[in-house]
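Coordinate inspection notes
The chain contents come next:
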Amino acid sequence: MKENLLGSTRPQAVTVDTARSPHVRLHSLPLDAVRLEDGLWEPGRRINCEVTLPSQYRHLEDTGRLDNFRRASGKTGGEYQGIYFNDSDVYKWLEAASWTLAEGSDPELERMVDAAITEIEDAQQPDGYLNTYFTFEKAAERWTNFDLHEMYCAGHLFQAAVAHFRATGSERLLDVATRFADHICDTFGPEEGKHQAVDGHEEVEMALVELYRVTGEKRYLEGARYFVDARGHGLLGRPYGQHDPSYSQDHKPLHDQSEVVGHAVRAMYLYSGAADVYAETGELALLEALGRLWKNMTTRRMYVSGGLGSRYEGEAFGKDFELPNERAYAETCAAIGSVMWNWRMLGLEGEARYADLIEHTLYNAVLPGVSLDGQNYFYQNPLADNGSHRRQPWFGCACCPPNVARLLASLPGYFYGVSASAVWVHLYAEGAATVELDGNRTLRLSQHTTYPWDGRVEIQVEGEGEFALMLRVPAWCEEGATVEVAGEPVDVEISPGSYTEIRRTWRSGDTINMNLPMPVRRVECNPYVTENAGRVALMRGPLLYCVEQADNHGVDLRDLILEDAEPAARYDPELLGGVTLLQAEARIAAAPDDGWEDRLYRNVHPLEGDTRTDAREITVVPYYTWATREPGAMRVWIKSG
Ligand SMILES: [Zn+2]
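This section reports on the structure supplied with the text.

Right, let's talk about the overall build of the protein for a bit. Of regular secondary structure, the protein possesses 13 helices and 22 strands. Relative to its length of 641 residues, the protein is compact, with a C-alpha radius of gyration of 25 Å against a globular reference of 26 Å. Reported as C-alpha extents along the three principal axes, the dimensions of the protein are approximately 80 × 65 × 45 Å. Counting all 641 residues of the protein, 61% fall into the buried class. Expressed as a percentage of contacts within the protein between residues at least 6 apart in sequence, the contacts between residues at least 24 apart total 68%. Total accessible area on the protein stands at roughly 24,200 Å², and carbon and sulfur atoms take up 47% of it.

This next bit is on the packing of helix α6 (residues 172-187) against helix α7 (residues 204-215). Axis separation between α6 and α7 bottoms out at 12 Å; the angle between their running directions is 120°. As the angle between them shows, α6 and α7 are arranged oblique. The interaxial crossing formed by α6 with α7 has left-handed handedness. From α6, L174, A177, T178 and A181 reach across to α7, where they touch L208, L211, V214 and T215.

Another aspect to go through is the packing of aromatic side chains. Throughout the structure, instances matching the rule amount to 30 aromatic pairs. A centroid spacing of 5.4 Å and a plane angle of 90° characterise the contact between Y129 and W143, whose relative ring orientation is edge-to-face. With a gap of 14 residues between them, Y129 in the loop between α4 (107-123) and α5 (150-168) and W143 in the loop between α4 and α5 connect regions that are remote in the sequence. The exposure class of Y129 is buried, given its relative accessible area of 0%. Residue W143 is classed as buried on the basis of its relative accessible area, which comes to 13%.

The coordination sphere of the zinc ion, as far as protein atoms go, consists of E331 (OE), C333 (SG), C399 (SG) and C400 (SG), spread over 2.0 to 2.3 Å. With four donor atoms in place around the zinc ion and angles of 94 to 120° between them, the coordination shape is tetrahedral. Every donor residue of the zinc ion comes from the same chain, spaced as E-x1-C-x65-C-C. We classify E331 as buried; its relative accessible area is 4%.

Turning our attention to α5. Between the first and last C-alpha of α5 there are 27 Å, a value that for 19 residues agrees with the 27 Å anticipated at 1.5 Å per step. Where burial is concerned, most of α5 is hidden: 18 out of the 19 residues are buried. The first or second residue beyond α5 is G169, which carries a positive phi of 80°.

In this fold, E150 is placed in helix α5. In this structure the C-alpha to C-alpha distance between E150 and F134, which are 16 residues apart in sequence, comes to 8.7 Å. In this structure, E150 is in contact with Y129, N131, F134, R142, W143, T144, N145 and D199, ignoring residues within four places of it in sequence. Polar side-chain contacts of E150 include one of 2.9 Å to the backbone nitrogen of W143.

Per the stated rule, a full pass over the model turns up 43 salt bridges. The salt bridge partner of E103 is R45, with a shortest N-O separation of 2.5 Å. Residue E103 is found in the loop between α3 (87-101) and α4, and its partner R45 is found in helix α1 (residues 41-62); the two are separated by 58 residues along the sequence. With relative accessibility at 38%, the residue E103 sits in the partly exposed group. Classification of R45 by relative accessible area gives buried; the value is 14%. Of the charged contacts, one joins R472 and E359 as a salt bridge, the two residues approaching to 2.8 Å between their closest N and O atoms. In this pair, R472 is assigned in strand β9 (residues 465-473) and E359 in helix α12 (residues 352-366), connecting sequence segments 113 residues apart. For E359, a relative accessible area of 2% gives the class buried.

Note that the residue after Y451, namely P452, is joined by a cis bond; omega there is 10°. Along the chain, P452 falls in the loop between β7 (441-449) and β8 (456-462). Even without being a glycine, F321 presents a positive backbone phi close to 65°. Along the polypeptide, F321 turns up in the loop between α10 (284-300) and α11 (332-349). A relative accessible area of 16% means that F321 is categorised as buried.

Attention shifts here to the environment of D38. Take D38: it is sitting in the loop between β2 (34-36) and α1. Sequence separation between D38 and H448 is 410 residues; the distance between their C-alpha atoms is 9.0 Å. Dropping the residues within four chain positions of it, D38 is found in contact with P43, A429 and E430. One polar contact links the side chain of D38 to the main-chain amide nitrogen of W41, over a distance of 2.6 Å.

Moving on, we come to the pairing of strand β20 (residues 616-622). Of all the seven residues making up β20, five are buried; the element is thus mostly covered by neighbouring parts of the structure. Bridging between strand β16 (residues 543-548) and β20 involves three bridges; their strand directions are antiparallel. Note that in β20 the partner of C546 across the bridge is V621. Here strand β19 (residues 579-588) pairs with β20 via five bridges, running antiparallel. Among the inter-strand pairings, L582 is bridged to a residue of β20, identified as V620.

Calculation notes
- Residues numbered from 1 in each chain as written.
- Predicted model: local features only at pLDDT ≥ 70, side-chain atom pairs only at ≥ 80, totals over all residues.
- Heavy atoms only, no water.
- Helix = DSSP H or I, 4+ residues; strand = E, 2+ residues; numbered from the N terminus.
- Rg over C-alpha atoms; globule rule 2.2 N^0.38 Å.
- Buried < 20%, exposed > 50% of the residue type's maximum accessible area, 1.4 Å probe, protein only.
- Contact = heavy atoms within 4.5 Å.
- Areas by Shrake-Rupley, 256 points an atom, 1.4 Å probe, with all protein chains shown as cover.
- Axes fitted to C-alpha atoms, helices over the stretch in contact; angles between N-to-C directions.
- Parallel < 35°, antiparallel > 145°, perpendicular 65-115°, else oblique.
- Left-handed = near helix turned anticlockwise from the far one by under 90°.
- Phe/Tyr/Trp six-rings, centres within 6.5 Å; stacked < 30°, edge-to-face > 60°.
- Donors = N, O, S within 2.8 Å, 3.2 Å for Na, K, Ca; no water.
- Tetrahedral: all angles 85-135°; square planar, octahedral: opposite > 155°, others 65-115°.
- Expected span 1.5 Å × (residues − 1).
- Polar contact = N/O pair within 3.5 Å; in protein donor to acceptor, adjacent residues only side chain to side chain.
- Salt bridge = Lys/Arg side-chain N within 4 Å of Asp/Glu carboxyl O.
- Pairing = 2+ DSSP bridges.

Geometric values such as these leave the question of function open.
Structure, rendered in structure tokens:
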């Protein structure tokens, strides 16, 4: 076994490793300690490994992203190819591939990973600097324009290196990362003689904290802290003159911020980095700011899908209650960033609301970002469409595809948490976990369930002794949640949106039966979101639903009016990889026949009878599956009543 830099025998494949972080309540499990065997995530992750990662590697080759490294090392000539931050796509792919390797050997994937790392090693400059856009003709422009993503790319390199080290024990990429991190920490900081700067696109902050956790190098933590604290002091300016400083959350210090603004992905990465800094420093003002931002986001600026970003312009959050459906930006990366931020908040505070949002965002804002076959992606995720928005095999700006891949690759790590004498179950799916508790016990938990299609979850415990099981009762399960141990109801209050603590002396074979009833829910929207007035969205369990033209031919989805009858839920193993679909009653507002043809406005006049048609049955499918079949309209918000 290899010694790692902190002297333990072997690194563990932990996505955010807070095992030694002093201000964290819950710690993560290594992702290879959790096995998923369900019908949704498991096949999705298998496709991620077998199809997505090899196909993305081909895109990295075909689009010149890897050639940019060969060019920077002098192996090939020609022009730099693509956008100035294309290096980050290679790094994110490497992170995804690394987490995948944590679960077992895959010689073909290892060959691709090693080949990419060789190109990266060879492209690094003697002083540690590494960015293939700023080589040769642009070398003199290094660190002159902080909206050109040099630190953003560095951050993705650091995250890839941390993942590769934790997953494989190899220090190859970590050596590259630490040399570059040393260069950055030598160059920037508050000390006399150093440059004062922040990057236009946050990312390096959380990456430096994780690099600190791997290496024990305090200067990396200090660097992260500096980059969080230095934002909002006008250092960035307006490089292109086209964006307000709020675009990069640079309008005021984070400590003073209360509203989520600007580029949504940048915001999520900043908050993740700030949460990581807090985990190490305990600086309360940071946590308080994050709490205010979380409240503003979740109560005023987030789509019902969990998607973030209301505007194409600036890929940005809008004002309070500005949440257009068809023009929603809701970048897949922003949803992934939300999962990352909420995961850190969950670790800090142990509150179920963060795990609730992680679950909600995973199913309804991340999963739609990739096709069921793992080869096509959404960048924007609208909540209504006329049939023209389709997933694409790749993008010129390809941030989203490898971002989805790295999240799916590390997903098992999000299912459980541990604290002193307690195991936390955050997410539910058929599968099993091996949990090291208090450094002296090994437990095994297995979940038996068809979640998210059914809310019954049986958990079997293997292991002895006293400890607490903390079971998340989702906030969506407002009524009827039950928890039994060995057939007896537990003697604690079960309240939605919290963890039910079952502390007892466990014996191997003890079984917990939890039931989270999943009636179809009609969700309404705050009336200040005018576009959703008089409409409802359908949800069942953690899943958001939508109507698609593919199931409902011959009707304009805008004219549907949902009836009050409870929709029926039916699992169809053949549809869309196996989903529970809903069958609801709706009538059709015969708008064109109601005198609206060729009219945009008219004087209000008393209704002459009800022109709506008789009720008909409509089919409603999980939102994450939309745009998989024939092109056609889609809507999440449906008229009601
Ligand atoms: Zn993206």
